[in-house]
Amino acid sequence: MPLVPVSRPASLRDHAYTALRDAIVSGRLEPGARLRDSELEEWLGVSRTPIREAIARLEAAGLVRTRRAKATQVAPLDEREALSAQRIAASLHELAVREGVRQLTASDLDAMRAANDRFADALRADDIDAALAADDDFHRVAVSASANPLLGTLLEQVTPLLRRLERARFSSLAGRDSVAAHARIIELCASGEGEAAAAATRENWLTLERLLTHPDPA
């Protein structure tokens with residue numbers, strides 16, 4: 001496979017999962033690509049056990065499919081599944097803000113502002129990778145503040161499927177500007193308006209759904 005070698009961290013299971021997930025979401029591993037254990041072992045520098053564990057997680061997330069005779073492939077893009085994942089993500093992020101707003105510190109709000117600044121810079125540069133990373137950083141603050149461990153686990157289940165469709169669908173970032181929406185969420189969080197901040201967060205994610213169903217032209 002035409003993939004750059006990656007370094008090996010302490011947790012081989014998480015390493016294998018993260019590397020495969022990112023390669024699929026970014027499109028470096030294309031839909032239909034065959035995932036052979038021997039090639040993955042050489043690329044990742046790990047044994048078959050963490051690779052099989054990673055593939056099981058990716059299959060549960062809808063990114064990988066195992067066909068008959070145990071042939072494992074990158075799953076095709078499925079808009080319906082991705083939009084279903086997006087609606088779940090919207091609800092989970094809404095809950096994160098509702099539960100986390102009272103725990104947000106001044107440092108947390110500064111982190112949200114900094115992430116939104118990076119998001120704005122990425123939009124101006126039309127850098128999809130940087131924009132999505134900054135968007136993740138922005139929303140991750142409330143998820144962490146909520147102190148609800150299930151939220152992060154559930155979001156990891158649905159977010160990669162959604163981000164994969166975003167990367168494939170957007171030929172540019174035209175119309176993707178959520179900077180003002182993010183700023184409004186920060187303002188509401190700073191003033192302690194939990195319900196309004198949660199509603200604004202949900203609307204932010206539902207706006208993404210509308211963009212995905214009416215993508216900008218190539």
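Predicted model only: the values in this text are computed from it and were never measured.

A closer look at the packing of aromatic side chains
Piece 1. Taken as a whole and judged by the stated rule, the model has zero aromatic pairs.
Piece 2. Lying over the aromatic face of Tyr17, Arg57 brings its terminal NZ or CZ to 3.7 Å of the ring centre.

Focus on the confidence of the model for the protein chain
Close reading of the predicted structure is inappropriate where its pLDDT is low.
Piece 1. For the protein chain, the mean per-residue pLDDT works out to 88, and 87% of the residues sit at or above 70.
Piece 2. Ranking the elements of the protein chain by mean pLDDT puts helix 9 (residues 194-213) last with 86 and helix 8 (residues 179-190) first with 96.

A word on empty space enclosed by the protein
Piece 1. For the coordinates displayed, the defined rule picks out three cavities of 30 Å³ or more.
Piece 2. Estimated volume of the largest cavity: approximately 60 Å³.
Piece 3. Taken together, Gly62, Arg65, Ala75, Pro76, Leu77, Asp78, Glu81, Ala82, Leu161, Arg164 and Leu165 make up the lining of the largest cavity.
Piece 4. When contributions to the lining of the largest cavity are tallied by element, the ones reaching two or more residues are helix 4 (79-100) and helix 7 (149-169).
Piece 5. Looking at the lining of the largest cavity element by element, the count peaks at three residues for helix 7.
Piece 6. Among the residues making up the lining of the largest cavity, the classes are represented as six nonpolar, one polar and four charged.
Piece 7. Among the secondary structure elements, those contributing two or more residues to the lining of the second largest cavity are helix 4 and helix 6 (128-145).
Piece 8. A per-element tally of the lining of the second largest cavity places helix 6 first, with three residues.
Piece 9. Its residues assigned to classes, the lining of the second largest cavity comprises five nonpolar, three polar and no charged.

Conventions and cut-offs
Residues numbered from 1 in each chain as written. Predicted model: local features only at pLDDT ≥ 70, side-chain atom pairs only at ≥ 80, totals over all residues. Heavy atoms only, no water. Phe/Tyr/Trp six-rings, centres within 6.5 Å; stacked < 30°, edge-to-face > 60°. Lys NZ or Arg CZ within 6 Å of the ring centre and 35° of its normal. pLDDT = per-residue confidence, 0-100. Helix = DSSP H or I, 4+ residues; strand = E, 2+ residues; numbered from the N terminus. 1 Å grid on protein atoms, 1.4 Å probe; cavity = no way out; pocket = protein on both sides within 12 Å on 5 of 7 lines; lining within 4 Å. Points joined across faces, edges and corners; volume = space filled by probe spheres on them. Nonpolar A, V, L, I, M, F, W, Y, C, P; charged D, E, K, R; others polar.

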